Amino acid sequence: MDKLAPLLVGAHAGSAIIAGHYAGLWATLHEHPDRKWTIPELCDAADCKERWVREWVGVLASAGVLTLEEGMIVSCDSDVATTLLPSSEVLHFFTSLEFTMDKEPEIGACFKKGGPLGVGYNQYPNFQDWMAGWSHCRNENQNFPEGYMKMVGDGVHEALEKGIKVLEPGCGRGRHAMGVAKRYPNSSFTSFDIDEEAIELNKVEAEKLGIENIDFVTGDFCNLKPEWTNNFDYVMIFDCMHDLPHPALAMKGLKGVLKDNGIVTMLDIDTSTDMVAQTKKPITAVLYNISLHHCMSVSLSSGGVGLGACWGVELAQQMLGEAGWGEGEIRVITKDIPNHAVYVMTKGKGLEGNGLH
Ligand SMILES: C[S@@+](CC[C@H](N)C(=O)[O-])C[C@H]1O[C@@H](n2cnc3c(N)ncnc32)[C@H](O)[C@@H]1O
C-alpha cells in the first residue's frame, strides 16, 4: 500500500482540482496571492457556497495542495494557483481525466482477447473541445503563430507574410488554423479533418471572426484528395499523426501534395521510443494514459495501427524515412515547446525553391 496510497490521494486530489477549476476557485486564489482566508471570506470572493468549499478544502488540504491552519484559515501558494488557471497546460492535463475516467469500463473491455478493437471518436463527445483548449494554451504560451513559425525557421514566417498556399491536415476545432490564417492574411489555407461536426463548427466560427482566407473541408489524411496533388507550398500538422489509423500512408502522401519545392512542419509528442528509458520520467504516465484512453484507442477502433502518443522521435524518424523522406530532408526540433517535438521536412529546395524565402 506504501506505493499506492500517494497515488490514490493524488487521483482524488486531481478530481477536486478540476471541480475547483469549474467553481472558479483557482482564479480567486490567484487574484489574491498568498492571502490567508477564512472559508466564508473565500466563498464571498469566489461566489461559492460554504458547505461545498469546506468539503473541497478538506480534500486539497489533506493532499497538501492547500494549507489549512488552526481556526480554519486556508491559504494557497501563489505558484499553485497560477499553475491551475484556465490558460495553464498543467490544468489542462488535469482536465484530461474527465474523458479518461469516463471511459474505464469500455477501455477495460478492449484489453480482452475478443473484446472491442478500441473506443472510437464518437464516444468522446468532449474531446475536440478539450483538444482545442490544449492547443489554445500552447498558442498562448508560444506567442503563436508568429513565435512558432519563426522557431521552425527555413523562411516559413517570411513566406507566409508574402503569401503561400497552406494545407493543414487534422485541424480539429481549428485553433491553429484560425490563428495562423488571421496572422498571415496574404496566405490561403485549406484545413481539413475527418470529423464533419468539427469542420461545420469551424466554418461558423471563422465567419464570426471574419477570417476569409481559410477553407475548412472534410477529408481523410490517409487518403488525400487527388486535386491537392502538387498544390501546396507548406503543410502544417499539429498533434495529428499519431492518432491516425494509417500514419504511414499519411506520411507518404505529404510529398505528393507539396509543390516541387515546399516544406512540412509536424508537431507531435516528444518522447523516446525506448519505453524503458522514457518511463523513468514519471510525467510520461500522463502521456501514456491519455494515449491509452484516446490516441491509441481511436486509431485501433477503426482497424488502425494504434501508434499511440508516445511513439517517440526514433520511430517517427524511421517512419518518415520509410515514407520517402531522406535523412537530409528531415530536421527535428525538441525542447522549444514543452512535451513536443517539431519535425521539419523539406522537399526540393524548400520555400526558397519557389522564390518565397
Ligand atoms: C489530437 S487531435 C488534433 C487537432 C488539432 N490539430 C489540434 O492540435 O488542436 C487529432 C485530430 O486528427 C483528426 N483525425 C483523425 N483521423 C483523421 C484522418 N484519417 N484524417 C483527417 N483527420 C483525422 C481528429 O478528428 C482530430 O481532430
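Residues numbered from 1 in each chain as written. Predicted model: local features only at pLDDT ≥ 70, side-chain atom pairs only at ≥ 80, totals over all residues.

## Points about the sheet that holds strand S4 (residues 165-169)
In step 1: Taken together, the seven strands give an open sheet; going across it, the order is S6-S5-S4-S7-S8-S10-S9, and neighbouring strands pair in mixed fashion. Every interior strand has two partners, whereas the edge strands, strand S6 (214-218) and strand S9 (330-337), have only one. Strand-to-strand twist of the sheet, defined as the mean angle between neighbouring strand axes without regard to direction, takes the value 20°.
In step 2: Taken together, the five bridges between S4 and strand S5 (residues 188-193) define a ladder with parallel strand orientation. Looking across to S5, one finds that Glu168 is bridged to Ser191. (Pairing = 2+ DSSP bridges. Helix = DSSP H or I, 4+ residues; strand = E, 2+ residues; numbered from the N terminus. Axes fitted to C-alpha atoms, helices over the stretch in contact; angles between N-to-C directions.)

## Section: the domain arrangement of the protein chain
In step 1: Once the domains are mapped, the protein chain shows domain 1 (4-85) and domain 2 (98-354).
In step 2: Each of domain 1 and domain 2 has a C-alpha centre, and the two are 36 Å apart. (Domains from an automatic or database assignment.)

## Topic: the site of the ligand
In step 1: What surrounds the ligand is a group of 21 residues, the closest being Ser135, Gly170, Gly172, Phe221 and Phe238.
In step 2: The set of elements that each furnish at least two residues to the shell around the ligand consists of helix H8 (127-141) and helix H11 (175-183).
In step 3: No other element matches the three residues that H8 contributes to the shell around the ligand.
In step 4: Among the residues forming the shell around the ligand, the class breakdown is eleven nonpolar, four polar and six charged. (Near = placed C-beta within 6 Å. Nonpolar A, V, L, I, M, F, W, Y, C, P; charged D, E, K, R; others polar.)

## Comments concerning the environment of Met251
In step 1: Looking at the secondary structure, you find Met251 in helix H13 (residues 247-257).
In step 2: Under the C-beta neighbour-count criterion, Met251 is labelled buried, with 25 such atoms within 10 Å.
In step 3: The spacing of Met251 and Asp129 is 122 residues in sequence and 26 Å in space, taken between C-alpha atoms.
In step 4: Setting aside chain neighbours within four positions, we find Met251 in contact with Met319, Leu320 and Ala323. (Buried ≥ 20, exposed ≤ 12 C-beta atoms within 10 Å, placed from the backbone. Contact = placed C-beta atoms within 7 Å.)

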